[in-house]
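Read off the chains here:
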Amino acid sequence: MNSHRPVIMGTRGMVATGHPLASDAALDVLKAGGNAIDAALCASAVLSVVKSYHCGLGGDLFGIFYSANESRALVINGSGRSPREIRRELFSKDIPHRGILAAVTPGTVDGWVEAAAKLGSRSMADLLEPAIHYAKAGFPVFPHLANVICASQNSLAVYPAWSSIFLPHGKTPEVGDLLVQKDLAITLAAIASGGRDAFYEGEIARSIVRTSEYYGGCFNLQDFVGHSSRWQEPLSTRYRGYEICVPPPNSFGLLLLLQLKGLSQYNPSNYGHNTPDFVALQVRIKEEAWRAGQLWIGDPDEYDYEATLEFLKRFPTDHTGPGTIPSADHGRSTTYVSVADKFGNWASLIQSVHQSFGCGIVVDGTGIVLNNRMSGFNLIPGHRNELAPGKLPAHTLSPALVLRERKPILAIGTPGGLGQTQFLTQTLCNLFDFDMNIQEAIEAPRWQSEQPGQVELESRFSDDVGKLLLRQGYDVKLRGRWEFAFGGVESVFLHRNQVFMGAADPRREGYAIGY
């Protein structure tokens, strides 16, 4: 198939992120001698400014890094816990997606600091410089940001701290206007000089706690002082001779592995690319994977890692489960970073505040948009992911790293809420089963199924796909040709161990660049 965008190629380094300014900043780090982890953290910080409605200091992150020095892949789990004083009785029926009770302790900053200390070669102060610049001097408003501000103003303009940033001069910014976030620049500068403690033990944490108290939330200072990221071993499975690595639960990454394991039982050449029968097979396997996998997605302290490995080995022989993942509001406001360097280091990093503008509250004087990741929990008594104090929620964030003969050849990820593992499964099938290049694999038509018996299709699929799914009993809905809701995959691929290939999804603002 012909691609909408070119494959970007280089031999010394490659970056693909959710925004051109972040990609440019990361490439500068690589050119200055920094490694892939440095570049990814720099891009992450820039995204926290230019996409502060999608991610940032008030959100979470997960990263898979390959360390050339250690010759292994490691996972950083930078997700945050529910407040220690949260109580089940505060929620009568559902967990809200707006308001202070929807927020968990932010994990992004600690994740940055941990990753930089363990695997980076540059100081966080250096890596934060571009982000501080864009927050202080401003950056051009792009179409989606303008649209989201416009769509959010009716519900969020009541918050003065939000309005002062995102409704400058009392009106929505237009495309091309500069959006300045001076308070956020000051906050980033404080982290650059004071490190983790400046965020979690200083005035920034106290400001978040005061905001929580003002709006009736449950945060106390100990939620911040006691927060820490965790290093984990990745979960992995084999697919067509490649090792696919993802973060273990509380990430949804396990569901990607289950879908690929199910598909590995079939020969795609017997079906053909995006034929009605092959799409129907993918949808059926996705439902089996989710029914089986949902019980394993929760706080890592609530499950046995070895037992999870055994379950993964048994699937799809053992694919029984009590039902689907309990319904919750699953935001799509996420952004992703993929980097590879000439030294052999790789980074696959994803970050989010969950929904656009998270819980809707900006912490006055800091520019921090707080997440609404509490809605990742459920209220089912005894469930592994039931809401409880000081607990990590189930997380849709699912970056991936692919190895061949124990060496990385692909870093890939996407925003898209519950669709993330579905979009990645389809892209990896396009790449490894149908021999597409990485840009073609990303651009191929996508489907999504968030609920049992329901499938949404991009309108570029043939009519026969929808007709077959209808005959099989599915509720089928057609979406746009290039549907924003169906993710924004970014990726770096290593071709024949010598050329980096970067690709970014035309469905969103992503951009790949290398040298």
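The notes below deal with the structure included here.

Here is what the cut-offs are and how they apply
Residues numbered from 1 in each chain as written. Predicted model: local features only at pLDDT ≥ 70, side-chain atom pairs only at ≥ 80, totals over all residues. Heavy atoms only, no water. Helix = DSSP H or I, 4+ residues; strand = E, 2+ residues; numbered from the N terminus. Rg over C-alpha atoms; globule rule 2.2 N^0.38 Å. Buried < 20%, exposed > 50% of the residue type's maximum accessible area, 1.4 Å probe, protein only. Contact = heavy atoms within 4.5 Å. Expected span 1.5 Å × (residues − 1). Axes fitted to C-alpha atoms, helices over the stretch in contact; angles between N-to-C directions. Parallel < 35°, antiparallel > 145°, perpendicular 65-115°, else oblique. Left-handed = near helix turned anticlockwise from the far one by under 90°. Nonpolar A, V, L, I, M, F, W, Y, C, P; charged D, E, K, R; others polar. Salt bridge = Lys/Arg side-chain N within 4 Å of Asp/Glu carboxyl O.

### As for the overall build of the protein chain
- Within the protein chain, the secondary structure is distributed over 16 helices and 21 strands.
- Against the globule reference of 24 Å for 515 residues, the protein chain gives a C-alpha radius of gyration of 21 Å, in line with a compact fold.
- Dimensions of the protein chain along its principal axes, counting C-alpha atoms only, are 60 × 55 × 45 Å.
- In the protein chain, which comprises 515 residues, the proportion classed as buried is 63%.
- Long-range contacts, defined as pairs at least 24 residues apart, comprise 72% of the intrachain contacts of the protein chain with a sequence gap of at least 6.

### Some remarks on helix 1 (residues 20-31)
- Taking 1.5 Å per residue as the helical rise, helix 1 with its 12 residues ought to reach 16 Å, and the 16 Å between its terminal C-alpha atoms agrees with that figure.
- Of the residues making up helix 1, those classed as buried are Leu21, Ala22, Ser23, Ala25, Ala26, Leu27, Val29 and Leu30.
- After helix 1 finishes, the residue Gly33 shows a positive phi value of roughly 100°.

### Points about the packing of helix 11 (residues 253-263) against helix 12 (residues 276-293)
- Interhelical geometry of helix 11 versus helix 12 gives an angle of 130° and a closest axis separation of 9 Å. As summarised for this structure, helix 11 and helix 12 are arranged oblique, according to the angle between their axes. Crossing of helix 11 against helix 12: the hand is right-handed. Residue-level contacts link Leu254, Leu255, Leu258, Gln259, Gly262 and Leu263 of helix 11 to Leu281, Gln282, Ile285, Lys286, Ala289, Trp290 and Gly293 of helix 12.
- Grouping the constituent residues of the contact of helix 11 with helix 12 by class yields 8 nonpolar, 4 polar and 1 charged.

### Remarks on the pattern of salt bridges
- Inspection of the entire model under this criterion finds 23 salt bridges.
- With its nearest N and O atoms 2.8 Å apart, the salt bridge here joins Glu509 to Lys51. On the criterion of sequence distance, the pair formed by Glu509 in the loop between strand 20 (499-504) and strand 21 (511-514) and Lys51 in the loop between helix 2 (36-50) and strand 3 (60-67) is long-range, its members being 458 residues apart.
- Judged by relative accessible area, which is 3%, Lys51 ranks as buried.
- The partner of Arg446 in a salt bridge is Asp505, with the nearest N and O atoms 2.7 Å apart. Here Arg446, found in the loop between helix 15 (438-443) and strand 16 (447-448), pairs with Asp505, found in the loop between strand 20 and strand 21; they are 59 residues apart in sequence, far enough to count as distant.
- For Asp505, a relative accessible area of 0% puts it in the buried group.
- Residues joined in a network through salt bridges with shared partners are Arg446, Glu458, Arg460, Asp505 and Arg507.

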